[in-house]
Amino acid sequence: MQRAEAARSALLTSHPDAHVDLLHLDVGSAQSVLAAAQEVKARYNRIDFLYLNAGIMPNPQLNVKAFFKGLFSRNVINMFATAEGLLTQQDLLNSDGLQEVFATNLFGHFLLIRELEPLLCEADHASRIVWTSSSNARRSAFSMEDIQHRNGTEPYSSSKYASDMLSLALNRDKNSQGLFSSVICPGLVMTNLTYGILPSFFWTIIMPIMWLIRIFTNTFTLTPYNGAEALHWLFLQKPESLDPRAKYHSLTSGLGTNYTQPHPMDIDEGMSEDLYSELLDLEKVVRKTLSERNADKEANGQRE
């Protein structure tokens, strides 16, 4: 909340006439999501835009041999852009018994959307959902038999691919109710998440190379401002004009010009609908578990 307060103060300094509210929400906790959604419904009677940007990549492990091999190969740009073959993560269970990355990057957002449907789904008013995906979202990392990625080592990639599929399913099921979903990729952006992948001395060595490579590729946006280009561009578009099967990429030219470009997503419609059904079933289980947990707490409180 301290970071949120600082961001709010900065926004009000540059936009003194704006109205900026803060809300505490941990998308990795179903209880927090439901409580925050209730607060949103109490404060507002409609939602125009819902940006789903929160995500984690816990305990990233780098394949150092593959990294240095790729650094001096023709594949260097793709390696940095997608991290394919480079990164694995060690995932844990959260307090709800779900895989932490899955819960934070996907299910928490899904539960929030479900809980806010009364404000998002109004036939006479278009609402927009915008997901922050990744170039690391790969079909090969995802399995319908293991949507939480309990048995894999790439939960981040799996969760991001799943969010791409969920966006497509939401459009198919909710467009008629006034809800439209889009997906963006910020490009390679240097954030705390990115810096956490490698020790700081590695970045000191690599950054000059990355700025040099940026001259020859448009996917190295590098700064959060540049990475947000597609988020802003989508805000200005009419939802009916957007392609539900496209991922909108933030790009930066060698001369520093920012622009947005759509790329088709490698997604199967049938699988996206299957994922949507699986998430609906999981939602029922999680809600039941929370209800039983809260009932136990009340019973224990009464006994005390």
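Thresholds applied
Within any chain, residue numbers begin from 1 and follow the written order of that chain's sequence. Given that this is a predicted model, residues contribute local features only at a pLDDT of at least 70 and side-chain atom pairs are listed and counted only at 80 or more, while totals for whole chains, interfaces and linings are drawn from all residues. Note that water and hydrogens are dropped before the side-chain values are worked out from all heavy atoms of the structure. Per-residue accessibility, obtained with a 1.4 Å probe over protein chains only, is compared with the maximum for each type, and a residue is labelled buried under 20%, exposed over 50%, and partly exposed between these values. Runs of H or I in DSSP of at least four residues are treated as helices and runs of E of at least two as strands, each being numbered from the N terminus. One requirement defines pairing of two strands: DSSP has to find at least two bridges between them. Contacts described as polar in this section are N or O atom pairs within 3.5 Å, which, within protein, must combine one atom able to donate a hydrogen with one able to accept it, while residues neighboring in sequence count only if both atoms come from side chains. The contact definition used throughout considers only heavy atoms, calling two residues in contact when any of these lie within 4.5 Å. Whenever a carboxyl oxygen of Asp or Glu lies within 4 Å of a side-chain nitrogen of Lys or Arg, that contact is scored as a salt bridge.

Next up on the list: the pairing of strand 1 (residues 49-52). Side chains Leu50 and Leu52 project from strand 1 onto a buried face, and the interleaved Phe49 and Tyr51 project onto a face without burial. Here strand 1 runs beside strand 4 (residues 127-132); their pairing, made up of four bridges, is parallel. By the bridge assignment, Leu52 is partnered in strand 4 with Trp131.

All right, on to the side chain of Ser127 then. With respect to the element layout, Ser127 can be found in strand 4. A polar contact of 2.7 Å, which involves the side chain of Ser127, links it to the backbone oxygen of Ile47. Once residues within four sequence positions are removed from consideration, Ser127 is found in contact with Ile47, Asp48, Leu119, Leu120, Gly178, Leu179 and Phe180.

As a further point, take the pattern of salt bridges. Throughout the structure, instances matching the rule amount to 14 salt bridges. Here Glu283 ties to Arg114 by a salt bridge, and the two come within 2.8 Å at their closest N and O atoms. Of this pair, Glu283 sits in helix 12 (residues 269-303) while Arg114 sits in helix 5 (residues 100-115), and the two are 169 residues apart along the sequence. In this structure, Arg245 engages Glu269 in a salt bridge whose closest nitrogen and oxygen atoms are separated by 3.3 Å. Of this pair, Arg245 sits in the loop between helix 11 (229-235) and strand 6 (246-252) while Glu269 sits in helix 12; the two residues are 24 residues apart in sequence, bridging distant segments of the chain. On the basis of relative accessible area, Glu269 is assigned to the partly exposed category, the value being 35%. Ionic contacts of the salt-bridge type, sharing partners, join the residues Lys41, Arg114, Glu115, Glu117, Lys174, Glu283 and Arg287 into one network.

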